[in-house]
Amino acid sequence: MVTPTNSSDTLITPPSPVHLSRSTPKPTTMAMEMDLLSPAESPPPVVPKLLREASDITWQESLESKKGQVVLVRRGGRFRLLHQQQFKNSLIAGVGYLELANAADFAANVWNQIPVPKFAAVLMGIGGTLALGMVLVAAHDFRLSWTNVKLLRAERDHLQRLRQYHGKNAELARLIDSRLGVGLREIGTEVIDRIVMDALMGFGSLLVGVGTLMAIGGANPRVFKASNLLSGYIGNGLAAMFGLVNAIWSGFLIHRFRLHDAATISREPSDDIRRRLHTRFRRFQWHAGINGLNGLVAGAASMVTAERWWGYVVLIPCIISLILCNYFWRKKLGYDRPLLMHTSPTEIHVTSLIEDLQYVIVMQRALADLEHSLPQAMIQPKSLDSILRFIIRENMFETYCEFLARDKTTRDLLVEFPTLNSSPDQITVSFDALLRLPSGHLDLILEHAKRFLRTTGVRVFTYRERHLLELVGYAVYQDHEKTKTTPR
């Protein structure tokens, strides 16, 4: 167990009593807040950050999000964000079926004969069309991932500047280093598991689709040869290439999280946090292991299918595995999070990572029962003003505006907002603009905002827990490595 005397050596120890005395409300104030809870409900566990009503995670994430102002643009009849400002868990479900495109040339390779049987020609047409359709899925996911990568790289540049500015502050420097370390993993995942996969397998799907459709006219010798090349070794070879790259990256992730898990087991003082960290790292390892092995087997099987029908039998469990890995990432591993893009070096407010983690864990449960679980000093469930201020403080206003634009019951209200003179298709949603809506709409907005907190709001804090667990794991690993190299 790490004692308070070790607080200068690690980022994850509870804050010092001096730090708490400056930020914790008076006991009488605390008692008044807790008295406002329903007698039937127990209050959430008291953590310093909850009592402070803190709105940041580790420090002010983005000054832009604090303004409570989001610009939406009308596209295709619906309003969407003009510019993405957060790192998004944007992996689309369709990517899980990219491996299926490798099997779309089944008819072309199995009935590789002249003349082509009619039933085989029908299957070739279906398979070729399916493979070409997957190109669109890969292109869409490529675009979403590229947006994430650009934002992450901009954040990384900003963090490196902050690291130079605060190089003499050991605690803050280690905190920035943990951000940089986790950010490197995020960039690697986006580049290898999405961009490289979408590029190689998407282009492979294009070649397989074209080759499969060409096989219908295989009576022409040139067409026959080109079809065999495209739907055989060339098209499937790209999938095999990705399988090799992915296996190397997966091996790195398994090793990384094994080290992090070992470090947290030996150093983390809280049983609950230790369990959460262990579960998080194990999930990463299992996903990386299955995904890496799946890529190797699928790549080898794809090459076999060029000449042997039984290669498709091996591909079947690989297709199922990729679909399940895709689902597991989106539901259990991926997350949205704010980005550090505009924070001035002099405006950073540092808090304990463990304190942040305890805060988001408490908020998940508290928001699920909004009426009774939160002190009314933080949020008054019957006040739209209070709820909107809470959403803005917690850096959720951009997410809330997306929720507002997607919901069928509220998206029509967006026409009530004034458009920009320079662009009639753009509107600005702000705290003041929401409160200025006609009185007949305010009750609807209030219920909508409460539903947002109970559903999407809980998910936002779940995502933040995932990110913070990874930050804590990296920070603990840093401290563990430092103690091994520091002479006693």
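Preceding this section is the structure that the text describes.
Remember, it's a predicted structure, so these values are computed and weren't measured experimentally.

## Some remarks on the pattern of salt bridges
Two side chains carrying opposite charge are able to pair once their charged atoms lie near each other.
Inference 1: By the definition in use, this model includes 17 salt bridges.
Inference 2: Here aspartate 177 ties to arginine 163 by a salt bridge, and the two come within 2.8 Å at their closest N and O atoms. Residue aspartate 177 is found in helix α8 (residues 170-214), and its partner arginine 163 is found in helix α7 (residues 118-165); the two are separated by 14 residues along the sequence.
Inference 3: On the accessibility criterion, arginine 163 (27% relative accessible area) is partly exposed.
Inference 4: One salt bridge connects glutamate 470 with arginine 185, and the closest N-O pair in it is separated by 2.8 Å. Taken together, the residues span a long stretch of sequence, with glutamate 470 in helix α17 (residues 439-485) and arginine 185 in helix α8 at a distance of 285 residues. For the residue pair glutamate 470 and arginine 185, the accessibility class agrees, reading buried in each case.
Inference 5: Each of the salt bridges in this network shares a partner with another, and the network as a whole consists of Asp272, Arg275, Arg276 and Glu465.

## Regarding the packing of aromatic side chains
What characterises a pair of aromatic rings is the spacing of the ring centres plus the angle enclosed by the ring planes.
Inference 1: Following the criterion strictly, the structure yields 10 aromatic pairs and no others.
Inference 2: When the centroid spacing of 5.2 Å and the interplanar angle of 75 degrees are considered together, the rings of tyrosine 400 and phenylalanine 452 count as edge-to-face. Placement of tyrosine 400 in helix α15 (residues 397-406) and of phenylalanine 452 in helix α17 is noted, with a sequence separation of 52 residues between them. Take tyrosine 400 and phenylalanine 452: they sit in the same class, and that class is buried.
Inference 3: Ring geometry for phenylalanine 403 against phenylalanine 452: centres 5.4 Å apart, planes inclined by 55 degrees, an arrangement best described as tilted. Pair noted here: phenylalanine 403 is in helix α15 and phenylalanine 452 is in helix α17, with a separation of 49 residues, a long-range link.

Analysis parameters
Every chain begins its residue count from 1, and numbering advances along the sequence as written. Only residues with pLDDT of 70 or above have their local features reported here, since the model is predicted, and side-chain atom pairs are shown and tallied only from 80 upward, although totals for entire chains, interfaces and linings are computed over all residues. The basis for every side-chain value is the complete set of heavy atoms in the structure, and neither hydrogens nor water enter the calculation. What makes a salt bridge here is a side-chain nitrogen of Lys or Arg within 4 Å of a carboxyl oxygen of Asp or Glu, nothing more. Helix and strand definitions follow DSSP, with helices as H or I runs of at least four residues and strands as E runs of at least two, each counted in order from the N terminus. Each residue gets one of three labels from its accessible area relative to the maximum for its type: buried under 20%, exposed over 50%, partly exposed in between, using a 1.4 Å probe on protein chains only. A pair of aromatic rings is counted whenever rings of Phe, Tyr or Trp (Trp by its six-membered ring) have centres within 6.5 Å, and the orientation is called stacked for planes under 30 degrees apart, edge-to-face for over 60 and tilted otherwise.

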